[in-house]
Amino acid sequence: MDRGRLTQPCARGLCESTPEGRRGRSAGGGLSRDPGGYLDNVALGENNVDRTERDGGRLAFRFQLSDAWQADLSAAGQRLRSNDSQYVSQGMGQNRGNRVQEAHKNDFAVGALNLRGELPWASLTSSLTYVQHTYSSLYDATPVAIAGGTYANLGGDLGVFHETARVSMWVEDFVLRSSRPGPLAWLIGAYATSAIEKTPSMIGVRTPGGLRTAYRENRHDKVRELALYGEASYGFGDGWTAAAGGRLFETRVKTLSDVTTVAPGVSRAFEGERRFSDFSPALSLQKEFAGGELVYLLYSEGFRNGGFNTGGILPIRASRLTFAPDRLRNYEAGAKLRLLDQRLSARGAVFFDKWSNLQSDQYRPSGVAYTANAGDARVLGFEAEAAYDFDFGLQLQANLLLADSDMTRTNPNFSDTALVDALPGVPDVSGGILAVYERPLDGSLTLRLSGEASYVGESTVSFLSVRAYAQEDYVRGPARRGGLLQPVVGDDLRHQSGGFGRRHLRLRQSLHLWRGGAARDAATPPHPRRQARRRLLTSSTGGRSRPAAS
């Protein structure tokens, strides 16, 4: 390994202007980052094959239409290129032995128009967003091409699997919030999204006559979602507030798929449409004290769409052609504290999550992925976050997550073998620390130094007990090598304090329910615990909780 090439040059730019009259404002920034590579491919004789380049930029304009109305227009884009995967081959240390460089491309662009204004009786917010996301990955599929593989009859010596996704999505979110003072606060909103996802994939086999396409699927998904949501909270006095809300939604998923393959595969076409509708409630009770301390109880739900499985060299069994929605029910009790002249802030919560019809991505013998319902699970846990602000510009943050997860029911259609007791990728213990130092310099410049480290405990990587290889615990953070301060290989430190307490915790990644996008993405809401807690812990003013959007 050529460690001398592990470099991390990074260029950033930021500009801002305010024209005369102050009725408009603009800001822009750019980022270019090349962290180098750290893995060698001994089969190809290449060093630092996993080098990754990232470039991006953003631009924002603000128009002050009047004293009560404001419009924001923004755009952002990012281009990412990875020459190879950041995984090592089993038994080869920090080296790879794949015969194909598993390159990855990832580009996205987003534009948004936000309108904010004040009506005599409410505040209005309208957000219209367009997202364009394209990404592709290349994988070594040699086992399907050589002797014993599915396409061994082609006489090949190398196989590649290439998958691409092109996502286009429009999202509109319209919200009205009460603005008049009083014990009653309310919110009503409407949400709509329209998404198109094209996901072509292919398997190529290198034969004596050249590269031959052995398998190809052209898949097209359309997702439409409409939702109405609302919340009302009432302050009873003495710091007590009760809130109730919910989200009523309907999602339609339409899938078209065309599979063409050589023998022994089976070519086929598929067209299907499904409709999902449901209601996700949220209830909370909180008590805020005079010093800003707060305790709360919370119940919330999350829901994720079902969909279709269409890929594979051979048709998937009928019982796995579709997969059902899954639902997360969250019960939580927590507290928020401000101590030591407001310099120390702390938050802790005990939670119990029930996950029914849990969705999991699995792989067919050919390596093509499909989604299945593994069964039911429950998670009992405790999480805590703390931050302290020093008077000389230093802020320290720390977080801890303890989780005990169990599978309570196994879907017989998911597997004929026993499943592990705990959820894969959910360690019993996780945590992290973050330090940020800021100091004003001459002019408009500010010196900002930050560093972070996180610990992820041991976990399993598969539901199936026969393949439940353990993921050992590890620490991510800065490491010193050769007298130079360099990042630990494979780490991507974003140096952002916002949301730090949940960024590295795998349980949050496992329970995160995405909104919109592909057929198997979330319908509503994207994360019941995070959104409901945000209403409780960040919107609390005047002894009552001000509703926020779901």
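Model, not experiment: these values are computed from the prediction.

Rules used throughout
Residues numbered from 1 in each chain as written. Predicted model: local features only at pLDDT ≥ 70, side-chain atom pairs only at ≥ 80, totals over all residues. Heavy atoms only, no water. Helix = DSSP H or I, 4+ residues; strand = E, 2+ residues; numbered from the N terminus. Buried < 20%, exposed > 50% of the residue type's maximum accessible area, 1.4 Å probe, protein only. Areas by Shrake-Rupley, 256 points an atom, 1.4 Å probe, with all protein chains shown as cover. Patch = residues over 30% accessible without salt bridge, like charges linked within 9 Å, V, L, I, M, F, W, Y side chains within 5 Å. Salt bridge = Lys/Arg side-chain N within 4 Å of Asp/Glu carboxyl O. Pairing = 2+ DSSP bridges. Contact = heavy atoms within 4.5 Å. Core = buried A, V, L, I, M, F, W, Y, C linked by side-chain atoms within 4.5 Å. pLDDT = per-residue confidence, 0-100. Polar contact = N/O pair within 3.5 Å; in protein donor to acceptor, adjacent residues only side chain to side chain. Phe/Tyr/Trp six-rings, centres within 6.5 Å; stacked < 30°, edge-to-face > 60°. Lys, Arg positive; Asp, Glu negative; His and termini not counted. Charge placed at Lys NZ, Arg CZ, Asp CG, Glu CD.

## Side note on the overall build of the protein
Here's step 1: Along the protein, the regular secondary structure elements total three helices and 31 strands.
Here's step 2: When the 550 residues of the protein are sorted by exposure, 43% land in the buried category.
Here's step 3: Accessible surface, the protein: about 27,300 Å² in total, of which carbon and sulfur atoms supply 56%.

## Description of unusual backbone geometry
Here's step 1: In this structure, proline 264 follows alanine 263 across a cis peptide bond, with omega equal to 10 degrees.
Here's step 2: With a phi close to 55 degrees, aspartate 341 is a non-glycine residue in the positive phi region.
Here's step 3: Structurally, the position occupied by aspartate 341 is in the loop between β18 (326-339) and β19 (344-363).
Here's step 4: With relative accessibility at 76%, the residue aspartate 341 sits in the exposed group.
Here's step 5: Residues other than glycine seldom take positive phi values, yet glutamine 342 does so here, at roughly 70 degrees.
Here's step 6: For glutamine 342, the position within the fold is in the loop between β18 and β19.

## Notes on a nonpolar patch on the surface
Here's step 1: The grouping of Tyr331, Val350, Phe352, Leu380, Phe382, Leu400, Leu402, Val429, Tyr455 and Val475 at the surface amounts to a nonpolar patch, some 780 Å² of accessible area in total.
Here's step 2: Breaking the nonpolar patch down by element, the ones donating at least two residues are β19, β20 (369-389) and β21 (394-410).
Here's step 3: Examined against the element boundaries, valine 429 turns out to sit in strand β22 (residues 429-440).
Here's step 4: Of the residues examined, valine 429 reaches a relative accessible area of 35% and is grouped as partly exposed.

## Let's talk about the pairing of strand β23 (residues 446-456)
Here's step 1: Taken together, the 11 bridges between β22 and β23 define a ladder with antiparallel strand orientation. The partner of serine 430 across the bridge, within β23, is valine 456.
Here's step 2: Counted between consecutive antiparallel strands, the loop separating β22 from β23 contains five residues, among which glycine 443 sits at a positive phi close to 70 degrees.
Here's step 3: Across three bridges, β23 lies against strand β26 (residues 474-476) in antiparallel orientation.

## A closer look at the environment of glycine 57
Here's step 1: Locating glycine 57 in the fold gives a position in strand β4 (residues 52-64).
Here's step 2: The sequence separation of glycine 57 and glycine 30 amounts to 27 residues, and the corresponding C-alpha distance is 4.0 Å.
Here's step 3: Sequence-distant contacts of glycine 57, that is, excluding residues within four places in its chain, are made with Gly29, Gly30, Ala75, Ala76 and Gly77.

## A look at the pattern of salt bridges
Here's step 1: In total, this model carries 23 salt bridges according to the counting rule given.
Here's step 2: Among the salt bridges present, the one from arginine 327 reaches aspartate 278, with a minimum N-O distance of 2.3 Å. Of this pair, arginine 327 sits in strand β18 while aspartate 278 sits in strand β14 (residues 268-288), placing them 49 residues apart in sequence.
Here's step 3: Take arginine 327: its relative accessible area is 9%, and that puts it in the buried class.
Here's step 4: Under the relative-accessibility criterion, aspartate 278 is labelled partly exposed at 27%.
Here's step 5: The closest approach of N and O atoms between arginine 409 and aspartate 376, which form a salt bridge, is 2.8 Å. Taken together, the residues span a long stretch of sequence, with arginine 409 in strand β21 and aspartate 376 in strand β20 at a distance of 33 residues.

## Digging into the nonpolar core
Here's step 1: Ranked by internal contacts, the top residues of the largest apolar core, which has 19 residues, are Leu358, Met407, Phe414, Leu423 and Phe463.
Here's step 2: Per-element accounting of this core gives the leading share, five residues, to β20.
Here's step 3: For leucine 358, the contacting residues outside a window of four places in its chain are Asp326, Ala372, Asn373, Ala374, Gly375, Ala377, Leu423 and Phe463.

## With respect to the pairing of strand β10 (residues 184-198)
Here's step 1: With 12 bridges joining them, strand β9 (residues 158-178) and β10 adopt antiparallel strand pairing. Within β10, the residue paired with serine 168 across the bridge is isoleucine 196.
Here's step 2: What sits between β9 and β10 in their antiparallel hairpin is a turn of five residues, with glycine 182 showing a positive phi close to 150 degrees.
Here's step 3: Pairing of β10 with strand β12 (residues 210-237), which is carried by 15 bridges, proceeds in the antiparallel orientation. Residue pairing in the sheet places glycine 189 in a bridge with tyrosine 229 of β12.

## Thoughts on the confidence of the model for the protein
Here's step 1: When the pLDDT values of the protein are averaged, the result is 81; 81% of them are 70 or greater.
Here's step 2: Overall, residues 1-12 carries pLDDT values under 50, and its contacts beyond four positions in sequence, including any with other chains, amount to 38 contacts.
Here's step 3: Low pLDDT (under 50) marks residues 479-550, which in the prediction has 239 contacts with non-local residues, meaning those over four places away or in another chain.

## What about the side chain of serine 360?
Here's step 1: Residue placement: serine 360 occurs in strand β19.
Here's step 2: Residues in contact with serine 360, not counting those within four places in the same chain, are Tyr370, Thr371, Ala372, Phe414 and Phe463.

## Some remarks on the side chain of aspartate 376
Here's step 1: The exposure class of aspartate 376 is buried, given its relative accessible area of 18%.
Here's step 2: A polar contact is formed between the side chain of aspartate 376 and the backbone nitrogen of asparagine 357, at a distance of 2.9 Å.
Here's step 3: A polar contact is formed between the side chain of aspartate 376 and the side chain of arginine 409, at a distance of 2.8 Å.
Here's step 4: For aspartate 376, the residues in contact, after removing those within four places along its chain, are Trp355, Ser356, Asn357, Asp406, Met407, Thr408 and Arg409.

## Comments concerning the packing of aromatic side chains
Here's step 1: One pass over the structure, following the stated rule, counts 10 aromatic pairs.
Here's step 2: An angle of 65 degrees between the planes, with centres 5.1 Å apart, marks the rings of tyrosine 234 and phenylalanine 236 as edge-to-face.
Here's step 3: On the accessibility criterion, tyrosine 234 (37% relative accessible area) is partly exposed.
Here's step 4: Classification of phenylalanine 236 by relative accessible area gives exposed; the value is 57%.
Here's step 5: Residues tyrosine 388 and phenylalanine 390 carry aromatic rings whose centres are separated by 4.7 Å and whose planes lie at 70 degrees to one another, so their mutual orientation is edge-to-face.

## Quick look at a negative patch on the surface
Here's step 1: The grouping of Asp428, Glu458, Glu472 and Asp473 at the surface amounts to a negative patch.
Here's step 2: Take aspartate 473: it is sitting in the loop between β25 (470-471) and β26.

## Some points on the environment of serine 26
Here's step 1: For serine 26, the location among the structural elements is in strand β2 (residues 24-33).
Here's step 2: Spatially, the C-alpha atom of serine 26 lies 8.8 Å from that of phenylalanine 63, the residues being 37 residues apart in sequence.

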